[in-house]
Amino acid sequence: MGRRLCAALAAAAVGTSVLTACGSDDDGGVPLINLYNSPQQNMAAIVERCNEQAAGRYRIALNTLPRGADDQREQLVRRLAAADPGLDVLGLDVTWTAELAEAKWIREWTGRNAEEARKGTLVMPLDTAMWQGRLYGAPYNTNVQLLWYRSDLMPEAPATWDGLMKASALLAEQGKPHYGEVTGAQYEGIVVWFNSLVASAGGRILTPDGMRVDLGPPALKALEVMRAFATSKAADPSLSNTKEDDARLAVEAGRAAYEVNWPFVYASMASNKPDMIRDFRWAPYPGIDGPGRSPLGGANFAVSAYSAHPEASFQAALCLRDPESQRIAAVKDGLPPTIESVYDAEGMAKAYPMKRAILDALKTAAPRPKTPTYQNVSTVTAVTLSPPAAIDPPRTLSTLRGLISDALQSKGVLP
């Protein structure tokens, strides 16, 4: 089946309940490797580069998933559950590794492929691709949140959440922009916030094996901080609806003094508000009583268990995340690399003046819990924590323990 017809059928299948298995060969008999990845402006250029390097051994076809992470996961899960051979290389959010590996929908990386995937890769991003001691993905990009602030309003960045609330109160008294933007909407962003607060207080949501609820005294402290922030002068009235882009836009519009967000906000500020960039600074993720632990994000490339060309898929994935591919993604698309040497590559100093802060944050970043039922855990956590101003720390903690315990007992994988 030709590539154009295959891509058209795949797009139609993704948009409906009908699943179509595309052919696995290009028109010329060359193995066709279907890449499914989240929207990325320069991914087509990376794919073209890898196709040129493949020199006819295989050809990668780019299929772009929806923008929302939940929609991306749903489309992949439905097609994998149907054993669709039209999926080869999959761009996965770091939280999906355990789920897809446990379901046996993605292949383990072994031998020389695993060696190449591990070579030069930073420790924390590599761990996101592991499940039960085995490697199931090749880290493509990573991410950590930092505190981004206007130095014309806050000459020094507070190191704690309490310090941020005090700074906001002072700015409010002076009649200046004083909101602090955090992701308080009912989605993964509020789970990320809670998880990092728990980790910053020295705790965990789940036990290390992902089998049981932890949520000890540090979780109570995290809930107390969330409620205090949401009811303080720092809280934007739209906090309960704020996602990453909302936070970015509030700072760019001059309504907010600071935000806790991913590094993409720096490039956005430089492009959209060049007159503000000289006062736009960064600092480590805020803590509770000391240094904070930044949220850990990113994406990994996995190979579908149903791919008709697994070895070519592994080779394609390795090219898509090699140092040059990661450099392109970093410099042009704002995706921090997982290979440490890329931070010193051409163009990185200009694109990432905060690269040292990113590398430092990656040493202590807080990954989200590893569990095959993470989607269940995330959903019930987001619902329970929303809106942040309504959190009643002891009662909310009790509710979370019960709901997350139930979520861990889920039979099978949510569609």
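Please read all numbers here as calculations on a predicted model, not as lab measurements.

Peer 1: Help me understand the packing of aromatic side chains in this model?
Peer 2: Two numbers describe a pair of aromatic rings. These are the distance of the centres and the angle of the planes. One pass over the structure, following the stated rule, counts 10 aromatic pairs. Considering the side-chain rings of Trp 148 and Tyr 266, the 6.4 Å spacing of their centres and the 35 degrees angle between planes classify their relative orientation as tilted. Of this pair, Trp 148 sits in strand S7 (residues 146-150) while Tyr 266 sits in helix H11 (residues 264-272); the two residues are 118 residues apart in sequence, bridging distant segments of the chain. Assigned by exposure class, Trp 148 and Tyr 266 land together as buried. Here the aromatic residues Trp 148, Tyr 266, Phe 280 and Trp 282 are joined through ring pairs into a cluster of three or more. One cation-aromatic arrangement involves Lys 243 over Tyr 187; the distance from NZ or CZ to the ring centre is 5.0 Å.

Peer 1: Help me out: how do you make sense of the sheet that holds S7 in this one?
Peer 2: Paired through backbone hydrogen bonds, the strands of a sheet run either parallel or antiparallel to each other. One open sheet accounts for four strands, arranged S8-S9-S7-S10; its pairing is mixed. The two strands at the open ends of the sheet, each matched to only one other strand, are strand S8 (179-181) and strand S10 (280-283). Each neighbouring strand pair of the sheet contributes to a mean axis angle of 20 degrees, computed without reference to strand direction. The pairing of S7 with S10 spans four bridges and is classified as antiparallel. Each residue of the ladder has a partner; that of Leu 147, found in S10, is Ala 283. Contacts between helix H7 (residues 161-173) and the sheet are confined to S7, S8 and strand S9 (256-261), with S9 contributing the most and set at about 160 degrees to the helix.

Peer 1: Please clarify how the side chain of Asn 37 should be interpreted in this entry.
Peer 2: On the secondary structure map, Asn 37 appears in strand S1 (residues 32-37). Once you skip the residues sitting within four places of it in the chain, Asn 37 turns out to touch Met 43, Asn 63, Thr 64, Leu 65, Gly 91 and Phe 301.

Peer 1: Got a minute to help me understand the nonpolar core in this structure?
Peer 2: Within soluble globular proteins, side chains that are nonpolar tend to cluster in buried spots. Trp 161, Trp 193, Phe 194 and Tyr 258 are the most contacted members of the largest nonpolar core, which totals 45 residues. Of all the elements in the fold, those that place two or more residues in this core are S7, H7, helix H8 (188-200), helix H9 (217-230), S9, helix H16 (374-385) and helix H17 (393-408). The biggest single contributor to this core is H9, with seven residues. Once residues within four sequence positions are removed from consideration, Trp 193 is found in contact with Trp 161, Val 182, Thr 183, Met 226, Phe 229, Tyr 285 and Pro 388. Counting 30 residues, the second largest nonpolar core, distinct from the first, contains Ala 129, Leu 135, Tyr 140 and Leu 320.

Peer 1: What's the story with the pattern of salt bridges in this structure? I'm lost.
Peer 2: Where charged atoms from two side chains of opposite charge approach closely, those side chains can pair. Within the structure shown, the criterion is met by 21 salt bridges. Of the charged contacts, one joins Arg 78 and Glu 74 as a salt bridge, the two residues approaching to 3.1 Å between their closest N and O atoms. Taken together, the residues Arg 78 and Glu 74, both in helix H3 (residues 69-81) and four residues apart, mark about one turn of the helix. Using a relative accessible area of 42% as the deciding quantity, one classes Arg 78 as partly exposed. Between Glu 108 and Arg 134 there is a salt bridge, with its nearest N and O atoms 3.9 Å apart. With Glu 108 in the loop between helix H4 (97-102) and helix H5 (111-118) and Arg 134 in strand S5 (residues 134-135), the pair connects residues that are 26 residues apart, well separated along the chain. With a relative accessible area of 46%, Arg 134 lands in the partly exposed category. Each of Asp 245, Arg 248 and Glu 252 takes part in one network of salt bridges that share partners.

Peer 1: Can you help me understand the pairing of S1 in this one?
Peer 2: For a regular strand, side chains alternate in direction, first toward one face of the sheet and then toward the other. Within S1, six of the six residues are buried, which leaves the element mostly enclosed by the surrounding structure. Here S1 shows a buried face lined by Leu 32, Asn 34 and Tyr 36 and a second buried face lined by Ile 33, Leu 35 and Asn 37. Where S1 and strand S2 (residues 59-64) come together, six bridges link them in parallel fashion. In the strand pairing of S2, Leu 35 is matched with Leu 62.

Criteria and thresholds
- Residues numbered from 1 in each chain as written.
- Predicted model: local features only at pLDDT ≥ 70, side-chain atom pairs only at ≥ 80, totals over all residues.
- Heavy atoms only, no water.
- Phe/Tyr/Trp six-rings, centres within 6.5 Å; stacked < 30°, edge-to-face > 60°.
- Helix = DSSP H or I, 4+ residues; strand = E, 2+ residues; numbered from the N terminus.
- Buried < 20%, exposed > 50% of the residue type's maximum accessible area, 1.4 Å probe, protein only.
- Lys NZ or Arg CZ within 6 Å of the ring centre and 35° of its normal.
- Pairing = 2+ DSSP bridges.
- Axes fitted to C-alpha atoms, helices over the stretch in contact; angles between N-to-C directions.
- Contact = heavy atoms within 4.5 Å.
- Core = buried A, V, L, I, M, F, W, Y, C linked by side-chain atoms within 4.5 Å.
- Salt bridge = Lys/Arg side-chain N within 4 Å of Asp/Glu carboxyl O.

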